[in-house]
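# Inside the fold
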Amino acid sequence: MRFPFAFLGLSTQVRFQAPLPSSTSIMAKPATQFAFKEGADIFAPKDLIELGRPGTAVANAGGNLALVSFSKFSFEDKKNKKSVFVVSLESDGKAVQIPLEKAGESFWISQNTFAQVVEGDENSEIYAFDVALDNLGGESDEDSASYTSQGLIATIPSKTASNFRYNPDTGNLVFSAYVYPDGNLSTVAEQDKQWEERGNTALVYDETYERHWDTWTGQKGAQLFSVQLTRGQDGQWKSNDDFKSPLQGTKHYSPVEPFGGTDDFDASATHIVYTTKDPVLPEAWHTKQNVSNEAPIELTSGKQGATHSPVFNTQGTKVAWLELDDDGYEADRAKIVIYDLEKHVRFTITQSWDRSPDALAVCCLISHNDSFLYLTAGDEAKVKVFALPVPPTPSHSLAITHPKLESKFSIPVAITHSKAASGLQILPGGKILFTQSSFISPNDVFVVRNLKAIEEAILAGNATAAQNAKIEQITHFSEADLKGKDLSDGEEFWFKGALNKNVQGWALKPKGWKAGDKKKWPAILLIHGGPQGAWEDQWSTRWNPNIFAQQGYFVVMINPTGSTTFGQEFTDAIAEDWGGKPFTDMINGWKYALKTYPEIDADRAVAAGASWGGYAINWIQGHPEFGFNFKVFDSSYNGYSTDELFFFNHEWGGRPWDPKSKKLSEKYSPANYVHKWSTPQLLIHGSKDYRLPETESLGAFHALQQLGISSRLVVFPDENHWVLDHGNSLKWHYEVFRFIDQFVGKN
């Protein structure tokens with residue numbers, strides 16, 4: 001799926017229902033100095049950017065403590081301060097915040113000791129911190145009595161070491177690092193020097209990828225390594241410096257670029273399992289990933305598409321992963337596959353479930369003998385935690401890939417029902433740890449403590465009882481900073497869309513909204529990217545709907561045809577129909593919002609979207625009968641220039657020159673309707689966006705300028721598909737609100 005945060009195509013509009021007679025009918029206000037609405041009771045863009053950003057909680061082996069990475073940017077100091085919280089997972093929720101001088105990944109190496117890895121001058125340095133559980137203080141406590149630093153305990157001969165998994169029972173540390181094709185960790189620095197001193201800057205390619213996401217492809221790729229890290233009788237930690245290279249010579253690279261991490265591999269006491277792009281197939285037009293162990297022996301069937309989230313059970317006798325069927329389709333439904341390593345049988349257990357899991361955790365309750373899987377999955381614009389019993393392994397052969405199972409073994413049961421869960425981890429003592437965010441809060445740590453009762457209810461066929469899980473919030477990282485800001489929870493609404501399907505949307509009311517204030521509030525329709533994505537009830541530091549609401553806009557977000565979390569048929573229905581059903585849905589949804597919320601001033605409406613949302617803006621620009629107006633300038637061009645060619649090939653029915661694809665591009669390319677454009681438009685693009693190259697925005701801007709339509713282009717030379725830098729983020733918000741205020745703000 002595409003991502004909804006790359007480049008913004010934003011347009012104002014006058015009257016959603018009627019076409020514009022000409023561009024001169026839209027009059028901008030006289031240029032004045034624009035300023036955000038700010039104040040003690042307003043959550044402004046600067047507040048969003050400076051708000052602390054908690055990461056995902058990671059528990060120790062005993063399940064009584066969790067690490068949470070934390071960063072907080074200050075415009076005054078121009079620094080992004082890094083720290084880690086050590087949180088007690090008991091009801092008291094005591095914690096200590098440990099400031100970290102350098103940024104780096106942290107992970108547990110014993111019950112009360114965690115390691116932090118930072119980049120050194122020529123290698124990666126591992127430091128250790130001991131935590132005194134009895135001395136944990138309040139959530140903002142930085143009392144050094146709560147922890148002590150052991151200093152540097154080991155080094156790794158690579159500056160790119162990342163994605164650490166440590167087994168405290170074996171002392172085995174597995175991690176990834178970038179290496180040259182020889183897979184030799186110790187010669188990377190020498191080969192880097194040779195490359196830098198080659199005497200030219202040319203990059204030469206004989207195959208794709210030549211560039212991917214935001215990086216020109218080089219000779220190096222990520223592979224997995226392991227080393228022993230143990231604590232001696234003197235209490236000191238040390239490494240044996242004997243680095244193993246299990247993927248050396250395999251042409252396997254893992255984690256998978258550009259977003260793979262620890263979710264792309266797992267380690268048991270004796271083995272590693274990982275997912276990797278098929279080394280034989282061209283990466284740019286295939287999504288096929290194989291699950292293998294370090295032998296390497298492929299565990300997948302060879303007929304699959306992408307695979308994700310491989311995990312061992314606690315005994316190391318089974319592996320589970322998520323698998324898509326279609327090679328070339330990244331938004332296909334993910335199904336849970338189990339491979340029994342003792343019986344050598346592979347089988348799918350969620351074949352009949354019309355939802356797509358996004359991460360797995362395996363139950364480690366010894367008394368239950370690894371009898372349950374826990375997972376997160378999107379369901380109607382929320383990301384929920386689900387439980388599923390593990391069925392007995394079929395006894396026949398590998399041909400039995402989709403056994404007929406009782407519903408309790410094939411249909412997961414939700415144990416959370418709102419917001420967005422992530423970072424699932426099963427703990428000893430019948431507990432489950434997860435991190436959760438929502439429209440009104442960044443990440444916080446949560447625990448469910450009664451897993452035994454939940455599992456017994458599911459096994460007894462009483463799914464309703466299992467849904468009454470006791471969920472306990474452990475942390476409140478942002479509560480004090482957001483107090484009094486009056487953020488909107490978001491109101492869910494449903495309406496009839498294309499083909500009479502039920503379509504979902506969200507409404508967030510503006511700051512100061514009162515029922516009955518007819519036609520008082522300007523509105524903004526936000527269109528998500530993907531197109532196989534969704535507006536979900538979760539926090540965002542980029543497209544945060546509450547920022548728009550707090551600046552005085554009534555926010556409408558619709559999940560039209562193509563959106564995820566509403567069943568695979570709904571997701572698939574956008575393929576080869578980009579300009580069709582999704583726009584019927586958005587038109588109907590907008591009409592529903594105007595009727596349901598008469599407080600909206602339809603004469604002051606704005607539409608904004610990025611990535612596929614940008615395509616939607618440009619498509620609406622050329623169809624004034626819709627009444628919208630949006631962005632991606634020429635879909636046909638994108639089929640040649642995007643990095644991941646499989647995406648275009650799937651969505652447009654073939655390669656750009658294939659007859660079917662050419663016919664669809666002729667029908668649905670916004671470039672063919674530029675002569676109908678008339679609405680002011682803002683375009684924002686990152687120069688390092690190789691998913692949708694910046695010429696997309698340049699082309700649209702040139703067209704708007706030559707048509708005499710009020711338009712503005714904002715380019716971030718150092719950003720990719722997302723605007724990530726803190727200062728750039730503030731500028732992004734400034735240009736967005738300045739532009740729309742110019743046309744729909746109050747005179």
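Structure report, in brief. Note on numbering: residues in each chain are counted from 1, in written sequence order. The predicted origin of the model limits local features to residues at a pLDDT of at least 70 and limits the giving and counting of side-chain atom pairs to 80 or more, whereas totals for whole chains, interfaces and linings rest on all residues. Think of the side-chain values as coming from all heavy atoms in the structure, minus any hydrogens and water.

## Observations concerning the pattern of salt bridges
The test is simple: In what follows, salt bridge is the name for a side-chain nitrogen of Lys or Arg lying within 4 Å of a carboxyl oxygen of Asp or Glu. Helix numbers and strand numbers start at the N terminus; a helix is a DSSP run of H or I with at least 4 residues, a strand a run of E with at least 2. Accessibility here uses a 1.4 Å probe with only protein chains present; expressed as a share of the type maximum, an area under 20% marks a residue as buried, one over 50% as exposed, and anything in between as partly exposed.
Evaluated as defined, the whole model comprises 25 salt bridges. The closest approach of N and O atoms between Lys509 and Glu491, which form a salt bridge, is 2.7 Å. On the criterion of sequence distance, the pair formed by Lys509 in the loop between strand 33 (502-508) and strand 34 (521-527) and Glu491 in strand 32 (residues 491-496) is long-range, its members being 18 residues apart. Residue Lys509 is classed as partly exposed on the basis of its relative accessible area, which comes to 21%. A salt bridge links Lys731 to Glu735, with the nearest nitrogen and oxygen atoms 2.7 Å apart. Remark: Glu735 and Lys731 occur in helix 15 (residues 726-744); sequence separation between them is 4 residues, near one turn of the helix. Residue classification places Lys731 among the partly exposed positions, given a relative accessible area of 37%. Residue Glu735 is classed as buried on the basis of its relative accessible area of 4%. Overlapping salt bridges bring together Arg355, Asp379 and Lys384 as one network.

## With respect to the nonpolar core
Most often, soluble globular proteins keep nonpolar side chains buried together rather than apart. Worth spelling out the cut-off: In these notes, a set of buried Ala, Val, Leu, Ile, Met, Phe, Trp, Tyr and Cys residues joined through side-chain atoms within 4.5 Å is what counts as a nonpolar core. Any two residues having at least one pair of non-hydrogen atoms within 4.5 Å are treated as being in contact.
In this structure, Leu526, Phe548, Phe583 and Trp612 are the most contacted members of the largest nonpolar core, which totals 78 residues. With residues up to four places along the chain from it excluded, the contact list for Leu526 reads Trp535, Trp543, Pro545, Phe548, Val555, Val556, Met557, Ile558 and Ala608. In this structure, Ile109, Ala128, Leu173 and Val179 belong to the second largest nonpolar core, which totals 23 residues.

## Quick notes on the pairing of strand 36 (residues 600-610)
Formally: DSSP-based pairing: two strands are paired if at least 2 bridges between them are found.
With respect to burial, strand 36 is a largely interior element, 10 of its 11 residues being buried. The pairing of strand 34 with strand 36 spans 6 bridges and is classified as parallel. The partner of Ile524 across the bridge, within strand 36, is Val606.

## Describing the packing of aromatic side chains
Convention followed: Working definition: rings of Phe, Tyr and Trp (its six-membered ring) pair if their centres are within 6.5 Å, and the pair is stacked with planes under 30 degrees apart, edge-to-face with planes over 60 apart, and tilted otherwise. By definition, being over a ring means that NZ of Lys or CZ of Arg is both within 6 Å of the ring centre and within 35 degrees of the ring normal.
Overall, the coordinates contain 48 aromatic pairs when judged by the stated rule. Geometrically, the ring pair formed by Phe36 and Phe737 is edge-to-face, given 6.2 Å between the ring centres and 85 degrees between the ring planes. On the criterion of sequence distance, the pair formed by Phe36 in the loop between strand 1 (8-13) and helix 1 (45-50) and Phe737 in helix 15 is long-range, its members being 701 residues apart. Through a chain of ring-to-ring contacts, the aromatic side chains of Trp578, Phe583, Trp612, Tyr615, Trp619, Phe647, Phe648, Trp652, Tyr668 and Tyr673 assemble into a single cluster. Directly above the ring of Phe265 sits Arg165, whose terminal nitrogen or CZ lies 5.6 Å from the centroid. The ring of Trp722 carries the charged tip of Arg542 above its face, separated from the ring centre by 4.4 Å.

## Quick notes on a negative patch on the surface
The line we're drawing: By definition, no residue in a patch forms a salt bridge, and every one has over 30% relative accessible area; like charges are joined within 9 Å, nonpolar side chains (Val, Leu, Ile, Met, Phe, Trp, Tyr) within 5 Å. The Shrake-Rupley method, run with a 1.4 Å probe, gives the accessible areas here. Residue values count only the displayed protein chains as cover. For the purpose of charge, His is not counted, nor are the chain termini; Lys and Arg are scored as positive and Asp and Glu as negative. Here the site of a charge means NZ on Lys, CZ on Arg, CG on Asp, or CD on Glu.
Together, Asp206, Glu207, Glu257 and Glu283 give the surface a local cluster of negative charge. Examined against the element boundaries, Glu207 turns out to sit in the loop between helix 2 (188-196) and strand 13 (211-212). Under the relative-accessibility criterion, Glu207 is labelled exposed at 64%.

## Description of unusual backbone geometry
A cis amide bond links Thr208 with the next residue in sequence, Tyr209, at an omega value of 0 degrees. A positive phi is found at Glu576, a non-glycine position, where the angle reads about 65 degrees. Looking at where Glu576 falls in the secondary structure, it is placed in the loop between helix 8 (568-572) and helix 9 (581-596). The partly exposed category is assigned to Glu576, whose relative accessible area is 28%.

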